[in-house]
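# Summary of the model geometry
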Amino acid sequence: MSEPINVGLLGFGLSGRVFHAPFISSIQGLRLKKIRETREEPIHHAKQSYPEAEIVAEARDIFRDESIDLVIVATSNTSHVPLATEALLAGKHVVVEKPFTITSAEADELIVLARKQQRLLTVYHNRRWDSDFKTVRKVLESKLLGNVVEYEAHFDRFRNEIKPNTWKEENLPGSGILYDLGAHLIDQALCLFGLPASITAEVGTQRQHSHVIDHFDLRLHYEGLKVTLKAGMLVKEVGPHFILHGDRGSFVKYGMDVQEAALKAGGMPAENPAWGDEPQQLWGTLNTSYKDLELHGKIKSEIGDYRGFYENVLQAIRGEGALEVQPEQARNVIRIIELAMQSAEEKRTVPFSER
């Protein structure tokens, strides 16, 4: 039996506590050895939930530990590049929380460094393992909609007040909903359809006293296909999460993957045999004509499970499988964000370009 991969987790805020530690600890073959955190409340949570992990105050305590193979960068967006750089130079494999970087040029530099160091580098695009997105992929692969002409995805919330004491509400590089929720929606769209020919975007601030972008309407243009990605912080009556139209029918899906709510409530994937299983009221509706049959009704959602991300990382480190979230793919997400900002500023459609 292979020795476990020792993991060092940088940051135990919302990202580290909710989206990383529960999955690292639930994968046989990964061992959460050290957590870097300095704030009193997160340290208390970490000690309670993961008593076997050592809490350290400095990132270098993880980088200098020769027994640690994999470093998770779950810190503020502006710290991703320097911390990932240090980890790679220390000979560690690296997972970076999304968004990967602030600029595509920074992403390119990290990719080159990872190749030079011969180390795995990937980004936590966990929403590929959402139940509803997995269902959308299955619907598209089934060809039940025929030739798809329109795809629309929303990631909406209602938070009309500015959340205090968080860097996410500060006017910093990489802050705002386009880098946050937008990175998920863009990654999903690129997985399904590849790179677009051009981009049109509107971005802005809707909440009073907000210092960051809190809504966007992003269009990715393909030949014969329109992709619309939207998110906002002032959407109290939430519409569909996914809308797909083709020349044979449509698929519409309300509601979000159930994993995030379960994690925030303290749920642990290893303790729940029904983890990621959506209730029937959240299943999407398929309405299509297929081989002279009229199909109209709910279809069962696929099982969502973010463990799939870390299972794949473990396999890739051990040379037992290909890495699913390639750093070049995450880099393209950042490039789309850059072009969306350019489109919004210049009030025009811009062609996709690598640089």
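Everything below is about the structure printed above this text.
This report concerns the structure included in the present document. (Residues numbered from 1 in each chain as written. Predicted model: local features only at pLDDT ≥ 70, side-chain atom pairs only at ≥ 80, totals over all residues. Heavy atoms only, no water.)

## Some words on helix α7 (residues 177-193)
How we decide: Strands here are runs of E lasting at least two residues and helices are runs of H or I lasting at least four, both read from the DSSP assignment and numbered beginning at the N terminus. Expected helix span is given by 1.5 Å per residue-to-residue step, counting one fewer step than there are residues. Fitting axes to the seven residues that end at a residue and to the seven that start at it, the angle between those axes gives the bend at that residue. Three labels apply to residues, based on accessible area from a 1.4 Å probe with only protein chains included: buried if under 20% of the type maximum, exposed if over 50%, partly exposed otherwise in between.
Compared with an ideal rise of 1.5 Å per residue, which puts 17 residues at 24 Å, α7 spans 22 Å between its outermost C-alpha atoms and is within 8% of the ideal. Considering bend angle alone, the principal kink of α7 is centred on Ala183 and spans about 45°. Across the 17 residues of α7, 15 count as buried, placing the element largely inside the fold. The first or second residue beyond α7 is Gly194, which carries a positive phi of 80°.

## Thoughts on the sheet that holds strand β11 (residues 242-246)
Here is the rule: Any two strands between which DSSP finds at least two bridges are classified as paired. Between two residues, a contact is recorded if the distance between any of their heavy atoms is within 4.5 Å. Helix axes are fitted to C-alpha atoms over the stretch in contact, other axes to C-alpha atoms as well, and angles between N-to-C directions run from 0 to 180 degrees.
Read across the sheet, 9 strands follow the order β14-β13-β12-β11-β7-β10-β9-β8-β15 without closing on themselves; strand pairing throughout is mixed. The two strands at the open ends of the sheet, each matched to only one other strand, are β14 (293-299) and β15 (350-351). Sheet topology note: the strand β12 (residues 249-253)/strand β13 (residues 284-290) ladder contains 4 bridges and is antiparallel. Residue Phe251 lies in a different strand from β13, and its bridge partner there is Leu286. Helix α10 (residues 327-346) contacts β8 (198-204), β9 (215-222) and β15 of the sheet and is inclined by roughly 70° relative to β8.

## Digging into the nonpolar core
Defined as follows: Remark: nonpolar core denotes a set of buried residues (Ala, Val, Leu, Ile, Met, Phe, Trp, Tyr, Cys) joined through side-chain atoms within 4.5 Å.
In terms of nonpolar packing, the biggest core is built from 69 residues, with Phe100, Tyr151, Ile199, Leu218, Leu220 and Leu229 touching the most fellow members. By residue number, the principal contributor to this core is α7, which donates 10 residues. Contacts of Leu229, omitting those with residues within four sequence positions, involve Tyr151, Ala153, Leu185, Ile186, Ala189, Phe216, Asp217, Leu218 and Leu220. Counting residues in each nonpolar core, the second largest holds 34 residues, with Val7, Leu9, Ile35 and Ile72 among its members.

Note that every value here comes from positions in space, so none of it alone points to a role or purpose.
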